[in-house]
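Results of the structural survey
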Amino acid sequence: MQRRDTDILILGSGGAGLFAALHAHKAAPELSITVAVKGLLGKCGCTRMVQGGYNVALAKEDSVERHFMDTIEGGKWLPDQDLAWQLVTLAVERIHELENELGCFFDRNPDGTVHQKAFAGQSFDRTVHKGDLTGIEIINRLAEQVWARRIDRLEEHRAVELVKSRDGSAIAGVLFVDMRSGEYVFVRAKAVLLATGGGPTMYKYHTPSGDKSCDGLAMALHAGLALRDMEMVQFHPTGLLAGTHTRMTGTVLEEGLRGAGGYLLNGAKERFMLRYDRQAERATRDVVSRAMYSEILKKNTSPHGGLYISMAHLGPERVAREFKGMVERCADCGFDLAAGLVEVVPTAHYMMGGVEFRGDCSTELAGLFVAGEDSGGVHGANRLGGNGVANSTVFGAVAGDVMAQWLGRAQLALPDEDAIQAAVAACEAPFHRKVSAGLEEIRERLYDTMWEKVGIIRDSRGLGQAQSELAALETALDEHGVGDHNRAFNLSWHDWMNLKSLVTVSRAIAEAAAARRDSRGAHFRADFPESGPLESSAFTSLRLHRGVFQIDMKPVAFTRVQPGGTLLRNVA
Ligand SMILES: Cc1cc2nc3c(=O)[nH]c(=O)nc-3n(C[C@H](O)[C@H](O)[C@H](O)COP(=O)(O)OP(=O)(O)OC[C@H]3O[C@@H](n4cnc5c(N)ncnc54)[C@H](O)[C@@H]3O)c2cc1C
């Protein structure tokens, strides 16, 4: 096993990881900083896939208070209000940094001001963007800046275990598999940032990048950390539905299409959203996805079992001009977005839940920090489109600043060697079993279970069935043997590890969904359809102890505004 030391170890190179690296380096250039990532730096993760854009209150007529209220109301009063306030206020600094220091070009109005487009669920058009491929602009500029600095990279290194110090009081480092050779690498660090980006890829239809399998959340559970809001999985209403023969199925058609006035039609080509919500297609993602799923349950569907999005009434030329990337993506799959109909289905997109953390990105484990989609609490029950990349860049930067400061007091700890050996043995286990086929079957069973029983509409019976099925899948994985013993780029082995993480986190989602006996935002229980009194709002807090989940319902602290209240009255 290789061993290395570093001051700051960052897991993941999305918006959170790269911002953390740049900020830590700026604060203390003498530190050794290592970014370790499952893919290639700058080429993987979901920040690169951001289409629509970045929410930030820039316009004169807008305000951070308005952005805050939209975030709290969108999150159905479950967000941690102090974290949400940090999000909206620091987003203003980060967007200026992205433009003026890091060199991002965002679209502008003819008068030179930054163009901000409409996204659903917002009272103001505040989404900054570069066409409909905003994430490529952000990640390319961030990656260039990281490459230009003395920041170490461990690419194609998969983190498999957060390893504590011998006395268990702090993090000591992280165990990796170097995917190129299959060798184990232990990196000791004074501070570790978990920024592996969540990503609900356990659902039949999903949007996140293929490198994401909830590894960070699974590692956090194994380390005994508390995760909150795990039942809150966001479905994006408009996933492309192009049949099972293409991996394009499930990929997202951006929110701006509905923001611009796109219609959703059922199998009979009727517009149905007004029957479900007064804001129709511009309602929040949870509302629209649920309405669509209800139409699907009525079997009022398109040929592939979904629905349609229609943009033609806005004028094909305008659509082609404003949504060039989307029109091309649809054309690749044989659809004419500008002038015709495109088949869509709600698709699992984002996890509002994640590791419980404080405003300085610290966690309950000394030396372990978290930022981005691995963290929980910023969005509550529903994330507004455009608040995801704001979240990862804002808290990534906070983590970088804080870790650099924190290192003054930190020392490299001696790791728990038994824990390292146990983690290696767990990774090696499938090589010592009888070879079996069937990983694909396990994946399909997982997809179907999560989509049908832990998806957009849930109930006690379905959740109970899902819990049993997930336990069976876990056993099947624990009995699975990998045939090819060559460790270099052994995709079957990595697939097995991906599924191990996904099943662990799926169990957490099902447990939290069973514990929340009401309906809030992304979590809808057909057997408990009411939201319950907002004043006594509580969030789920769950941890894994000796293989068993323990769940608490913890009250939300309304530190800035009480349910029904608003900050807007005080704004000039
Ligand atoms: C198609 C799509 C469109 C989106 N559009 C928008 C939008 O318009 N606006 C918006 O605000 N949000 C959008 N989002 C959400 C947004 O992309 C995410 O919220 C945000 O980018 C997450 O950033 P992150 O840094 O936490 O994670 P990511 O950017 O996903 O980065 C995670 C990193 O962790 C690495 N990693 C994973 N597992 C491991 C491991 N075991 N070991 C080491 N490294 C690991 C990955 O390789 C990756 O580098 C979109 C998401 C998708 C999928």
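Rules used in this analysis
- Counting restarts for each chain, with residues numbered from 1 along the sequence as it is written.
- The predicted nature of this model means local features are confined to residues of pLDDT at least 70 and side-chain atom pairs, given and counted, to a pLDDT of 80 or more, with totals for whole chains, interfaces and linings taken over all residues.
- As a convention, hydrogens and water are excluded, and side-chain values are obtained from all of the structure's heavy atoms.
- Buried Ala, Val, Leu, Ile, Met, Phe, Trp, Tyr and Cys residues that are joined via side-chain atoms within 4.5 Å together make up what is termed a nonpolar core.
- Partly exposed describes any residue whose relative accessible area lies between the buried limit of under 20% and the exposed limit of over 50%, with all areas from a 1.4 Å probe on protein chains only and scaled to the type maximum.
- Secondary structure is summarised from DSSP: a helix means a run of H or I of at least four residues, a strand means a run of E of at least two, and numbering begins at the N terminus for each.
- Contact between two residues is taken to exist if any of their heavy atoms lie within 4.5 Å; hydrogens are not considered.
- Put simply, a residue is near a molecule or strand once any heavy atom of it comes within 4 Å of that molecule or strand.
- Counting of polar contacts relies on pairs of N or O atoms within 3.5 Å, with two restrictions inside protein: one atom must be capable of donating a hydrogen and the other of accepting it, and residues adjacent in sequence are counted only when both atoms are side-chain atoms.
- Calculation of accessible area relied on Shrake-Rupley with a 1.4 Å probe; when residues are assessed, cover is drawn exclusively from the protein chains displayed.
- The rule is simple: put a 1 Å grid over the protein atoms alone, call a set of points where a 1.4 Å probe fits but cannot get out a cavity, call an open set with protein on both sides within 12 Å along at least five of seven lines a pocket, and count a residue as lining if it has an atom within 4 Å of a point.
- Grid points are joined across faces, edges and corners, and a volume is the space filled by probe spheres set on the points.
- Charged means Asp, Glu, Lys or Arg here, nonpolar means Ala, Val, Leu, Ile, Met, Phe, Trp, Tyr, Cys or Pro, and polar covers whatever is left, Gly included.
- Pairing between strands is defined by DSSP: at least two bridges between the two strands are required.
- Structural elements are reduced to axes, namely lines fitted to C-alpha atoms, with helices fitted over the stretch in contact, and the angle between N-to-C directions of any two is expressed from 0 to 180 degrees.
- Take the number of residues in a helix, subtract one, and multiply by 1.5 Å to get its expected span.
- Directions pointing from the helix axis toward each C-beta atom define the arc.
- Orientation labels follow simple angle bins: below 35 degrees gives roughly parallel, above 145 gives roughly antiparallel, 65 to 115 gives roughly perpendicular, and whatever is left gives oblique.
- The term salt bridge refers to a side-chain nitrogen of Lys or Arg lying within 4 Å of a carboxyl oxygen of Asp or Glu.
- Centres within 6.5 Å are what make two rings of Phe, Tyr or Trp a pair, Trp counting through its six-membered ring; a difference in plane orientation under 30 degrees is then read as stacked, over 60 as edge-to-face, and the rest as tilted.

With that out of the way, let us pick up the nonpolar core. If you look at the biggest cluster of nonpolar residues, it comprises 161 residues, and the most contacted ones within it are Leu11, Tyr54, Met230, Leu337 and Ile509. It is helix 14 (residues 491–515) that contributes the most residues to this core, twelve residues altogether. In contact with Ile509, other than residues within four places in its own chain, are Met202, Tyr203, Met230, Glu231, Val233, Met351, Met450, Val454 and Arg458. Core analysis: the second largest hydrophobic core is formed by 19 residues, Ala84, Tyr350, Met352 and Ala381 among them.

Around the ligand there are 40 residues in total, and Cys46, Thr47, Gly53, Asp211 and Lys212 lie nearest to it. Here an oxygen atom of the ligand sits 3.0 Å away from a polar atom, N or O, in the main chain of Ala16. A distance of 3.3 Å is found between an oxygen atom of the ligand and a backbone nitrogen or oxygen belonging to Gly386. Bound to the protein, the ligand loses 99% of the 1,000 Å² it would expose on its own. Looking at the shell around the ligand, the elements with two or more residues in it are helix 1 (15–27), strand 7 (157–164), strand 14 (341–351) and helix 10 (387–406).

What follows is about the side chain of His379. Within the secondary structure, His379 sits in the loop between strand 17 (375–376) and helix 10. The exposure class assigned to His379 is buried, which follows from its relative accessible area of 2%. At a separation of 3.0 Å, a polar atom in the side chain of His379 contacts the side chain of Tyr350. Residues in contact with His379, not counting those within four places in the same chain, are Gly75, Pro79, Tyr350, Met352, Asn387 and Asn391.

Under the counting rule described, the total for this entry stands at one cavity of 30 Å³ or more. The calculated volume of the largest cavity comes to roughly 70 Å³. Along the walls of the largest cavity sit Val233, Gln234, Phe235, Arg285, Asp286, Ser289, Arg290, Ile456, Gly521 and Ala522, which together make up its complete lining. Taken together, the elements giving at least two residues each to the lining of the largest cavity come down to strand 11 (233–240) and helix 7 (285–297). Looking at side-chain class alone, the lining of the largest cavity contains four nonpolar, three polar and three charged residues.

In a beta sheet, neighbouring strands pair by backbone hydrogen bonds and run either parallel or antiparallel. Spatially, the four strands line up as an open sheet ordered 11-14-13-12, and their pairing is antiparallel. With partners counted over all chains shown, the strands left at the sheet margins are strand 11 and strand 12 (263–265), one partner each. Strand-to-strand twist across the sheet, computed as the mean angle between neighbouring axes with direction ignored, equals 40°. Where strand 12 lies against strand 13 (residues 307–310), three bridges are found, and the strand directions are antiparallel. By the bridge assignment for strand 13, Leu265 is matched with Tyr308.

Before going further, it helps to examine helix 13 (residues 460–478). Between its first and last C-alpha, helix 13 extends 27 Å over 19 residues, near the 27 Å set by a 1.5 Å rise per residue. When we look at burial in helix 13, the residues that qualify are Gly462, Leu463, Ala466, Leu470, Leu473, Glu474 and Leu477. Down the axis, helix 13 shows its buried residues gathered within 115° of arc, on one side only. Elements in contact with the buried residues of helix 13: helix 12 (439–453) and helix 14.

For the rest of this paragraph, the subject is unusual backbone geometry. The phi dihedral of Cys214 falls on the positive side, at around 60°, and the residue is not glycine. Mapped onto the secondary structure, Cys214 falls in the loop between strand 9 (184–194) and helix 5 (215–222). Not every positive phi belongs to a glycine, and Arg546 is a case in point at roughly 50°. Inspection of the secondary structure puts Arg546 in the loop between strand 18 (538–545) and strand 19 (548–555).

This next bit is on the packing of helix 1 against helix 3 (residues 81–101). Here helix 1 crosses helix 3 at 80°, and the two axes come no closer than 14 Å. The orientation of helix 1 with respect to helix 3, classified from their angle, is roughly perpendicular. Residues Phe19, His23 and Lys26 of helix 1 lie in contact with helix 3, whose contacting residues are Arg94, Glu97, Leu98 and Glu101. Its residues assigned to classes, the contact of helix 1 with helix 3 comprises two nonpolar, one polar and four charged.

Another point: the pattern of salt bridges. Taken as a whole and judged by the stated rule, the model has 39 salt bridges. Residue Arg158 is joined to Asp215 by a salt bridge in which the shortest nitrogen-to-oxygen separation is 3.3 Å. With Arg158 in strand 7 and Asp215 in helix 5, this pair connects stretches of sequence that are 57 residues apart. Looking at Arg158, the relative accessible area reads 2%, which means it is buried. What makes Asp215 buried here is its relative accessible area of 9%. What you see here is one network of salt bridges that share partners, running through Lys38, Arg158 and Asp215.

Assignment of secondary structure puts Phe335 in the loop between helix 9 (324–332) and strand 14. You can call Phe335 buried: its relative accessible area is 15%. With 212 residues separating them along the chain, Phe335 and Gly547 place their C-alpha atoms 47 Å apart. Those residues in contact with Phe335, other than ones at most four positions away along the chain, are Leu240, Leu241, Ala242, Cys330, Leu341, Val342 and Glu343.

Here we come to the packing of aromatic side chains. One pass over the structure, following the stated rule, counts eleven aromatic pairs. The interplanar angle of 70° and the centroid separation of 6.4 Å between the aromatic rings of Trp77 and Phe558 together place this pair among those described as edge-to-face. Taken as a pair, Trp77 in the loop between helix 2 (64–74) and helix 3 and Phe558 in the segment after strand 19 lie far apart in primary sequence, 481 residues in all. As far as the burial class goes, Trp77 and Phe558 line up, both buried. Arranged with centres 6.2 Å apart and planes meeting at 90°, the rings of Phe272 and Tyr276 form a pair that is edge-to-face.

What follows is about the layout of surface pockets. What the second largest pocket holds in volume is close to 920 Å³. Together, 30 residues line the second largest pocket, and Lys204, His206, Arg247, Thr249 and Tyr447 are the ones closest to its centre. Elements that contribute at least two residues to the lining of the second largest pocket include exactly helix 12 and helix 14. By residue number, the principal contributor to the lining of the second largest pocket is helix 12, which donates five residues. Partitioning the lining of the second largest pocket into residue classes produces eight nonpolar, 13 polar and nine charged.

So far we have only geometry, and geometry alone does not tell us how the molecule works.
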